[in-house]
Amino acid sequence: MASVLILGAGYAGLRTAKLLAKHSPQLTVTVVNKNAYHYESTQLHEVAVGTREPADITFSLRQALPKNVDLIIDEVVKVDREKQQVELAHHEPLSYDYLVNSLGFESETFGIPGAEENGLPLIDIPTALAAREHLEKTLAHFNESHDPNDLRIIVCGAGFTSIEYLGDLVYHLPALINQYHLPADQIKIDCIEAMPKVLPMFSQDLADYAVHYLESHGVTFHTSTPITAINPGVVESKESSFKANTIIWTTGVKGSHVIADSGYDQKRNRVVVQNNLSVKDHPNEFVIGDVSAVPDPDTGRMYPTTGQIAIAQADVAARNIRALVAGRSLTDFKFHSLGTVCSLGPTNGVAEIFMMGHWKLKGHVVGPIKKLVNDRSVLELSDIKTMLESN
Ligand code: NAD
């Protein structure tokens with residue numbers, strides 16, 4: 001029986017496992033994942049602010065995976081592609097006939113001095129919880145210290161994660177002010193972005209709506225301000241420095257370090273794959289999700305890395321593994337975006353939807369859409385019971 005080894009149970013890996021188990025019961029499918037749970041990475045900001053608990057955005061892998069999929073909870077150390085073996089931290093190496101490398105993302109610091117030590121990334125449940133604990137402790141500390149920097153929060157970057165974090169932060173702030181008896185007028189929130197535009201993936205009117213919404217809730221934006229260093233309590237740019245005792249580091253992500261450690265030809269731990277998502281000269285190996293760089297066959301440019309694309313890649317990777325096993329020809333990956341949604345707290349947001357036309361939406365109408373997107377993602381990765389439990 002041919003064996004398929006899937007590394008990582010994020011959007012890409014979990015979806016591939018589910019499809020292979022359903023359509024190819026003759027394959028032995030094994031998933032290796034660091035944690036016994038899957039987390040919805042697009043909702044980490046909610047845990048980091050404190051509007052949601054980890055249990056709301058996670059579900060058990062054993063429960064979500066079909067019974068015929070083996071699950072190993074361990075950390076992948078290295079892929080030995082010549083031996084077709086994967087080295088794990090605590091188990092014996094695993095051999096494979098087909099490999100799906102979907103190890104996901106890590107925080108990107110771009111080598112900026114002090115970013116790793118002094119910024120709070122939002123990349124998984126432990127880091128989101130650490131950011132929340134830090135924020136709550138620092139705000140509470142103001143009552144002892146009377147240090148104005150305890151009431152200052154800086155969000156680095158103005159991409160998706162930063163804006164969604166800010167949206168939940170301004171929504172939840174009144175509750176925190178109340179809880180810790182804080183002077184509301186002394187709270188200061190700054191967002192520092194290298195590029196001239198906030199939320200570059202949205203059209204200007206929607207990005208403007210997000211900016212105005214957040215500004216009207218107390219956020220100050222500093223665009224065209226590349227961060228050059230972070231010292232404890234201070235974010236430095238070429239022209240100014242900004243003080244705050246909470247510094248959220250959400251300036252982008254790179255692929256898993258295992259990619260570089262395994263000697264792949266990579267850039268920022270991402271492997272440029274072929275149009276059918278396999279790796280050049282390794283036809284039995286598929287790299288998908290945030291560890292891949294996938295060319296759009298129409299433009300030649302790389303697709304962005306999002307949960308929606310990771311799930312779409314999984315559909316093609318699973319189909320292509322089945323095709324290889326059956327000796328059929330492979331399908332190329334082509335992505336048709338359904339749209340993009342950016343929340344501004346639980347009930348507001350901006351969205352660009354590409355279904356039955358091109359819809360630009362903003363305001364409270366986006367709240368339910370974001371919820372639909374989240375529910376759809378859980379449904380595609382697990383089952384209706386898990387989806388209902390996560391509500
Ligand atoms: P991002 O790349 O979307 O945004 C990072 C921002 O930080 C960019 O605007 C960049 O210019 C800025 N930046 C980088 N270096 C900087 C510096 N030195 N100083 C100041 N600003 C700097 O990254 P993200 O928000 O972490 O998201 C990561 C990935 O996850 C993206 O691909 C995103 O599309 C995806 N994501 C999607 C959703 C969603 O679909 N709702 C939510 C969260 C994340």
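Above this text is the structure in question.
Rules used in this analysis
Residues numbered from 1 in each chain as written. Predicted model: local features only at pLDDT ≥ 70, side-chain atom pairs only at ≥ 80, totals over all residues. Heavy atoms only, no water. Pairing = 2+ DSSP bridges. Helix = DSSP H or I, 4+ residues; strand = E, 2+ residues; numbered from the N terminus. Near = heavy atom within 4 Å. Polar contact = N/O pair within 3.5 Å; in protein donor to acceptor, adjacent residues only side chain to side chain. Areas by Shrake-Rupley, 256 points an atom, 1.4 Å probe, with all protein chains shown as cover. Axes fitted to C-alpha atoms, helices over the stretch in contact; angles between N-to-C directions. Phe/Tyr/Trp six-rings, centres within 6.5 Å; stacked < 30°, edge-to-face > 60°. Buried < 20%, exposed > 50% of the residue type's maximum accessible area, 1.4 Å probe, protein only.

> An account of the sheet that holds strand β7 (residues 85–88) is requested, with residue identities and associated values reported.
Whenever strands of a sheet pair, they do so through backbone hydrogen bonds, lying parallel or antiparallel. The sheet built from three strands is open, its strands ordered β6-β7-β8 with antiparallel pairing. Each end of this open sheet is capped by a strand with a single partner; those strands are β6 (76–80) and β8 (94–95). As defined by bridge partners, β7 adjoins β8 across two bridges and the pair is classed as antiparallel. For V86, the partnering residue across the bridge sits in β8 and is L94.

> Pulling in residues and values, what's your account of the site of the ligand?
T161, E193, A194, I227 and T305 are the nearest of the 24 residues found near the ligand. In this structure, an oxygen atom belonging to the ligand sits 2.8 Å away from a main-chain N or O atom of T161. Within the backbone of T251, one N or O atom sits 3.5 Å away from an oxygen atom of the ligand. For the ligand, whose unbound accessible area comes to 840 Å², protein coverage reaches 80%. A total of three residues in the shell around the ligand trace back to one element, the largest contributor, which is helix α6 (residues 160–180).

> Outline the sheet that holds strand β17 (residues 241–243), supporting the account with residue identities and numerical values.
The three strands are arranged β15-β16-β17 in an open sheet whose pairing can be described as antiparallel. Pairing within the sheet leaves two strands with one partner each, and these edge strands are β15 (227–231) and β17. Neighbour-to-neighbour, the strand axes of the sheet open up by a mean angle of 20°, direction not taken into account. Looking at chain direction, β15 and strand β16 (residues 234–237) are connected through four bridges and run antiparallel. Of the residues in β16, the one forming a bridge with I230 is V235.

> Please give an account of the packing of aromatic side chains that cites residues and values.
On inspection of all chains with the given rule, the structure shows five aromatic pairs. A centroid spacing of 6.5 Å and a plane angle of 20° characterise the contact between Y209 and Y213, whose relative ring orientation is stacked. With a gap of four residues between them, Y209 and Y213 both fall in helix α7 (residues 204–216), about one helical turn apart. Ring geometry for Y303 and F335: centres 6.0 Å apart, planes at 80°, overall edge-to-face. Residue Y303 is found in the loop between β23 (292–293) and α9 (307–326), and its partner F335 is found in the loop between α9 and β24 (339–343); the two are separated by 32 residues along the sequence. Both residues of the pair, Y303 and F335, count as buried.

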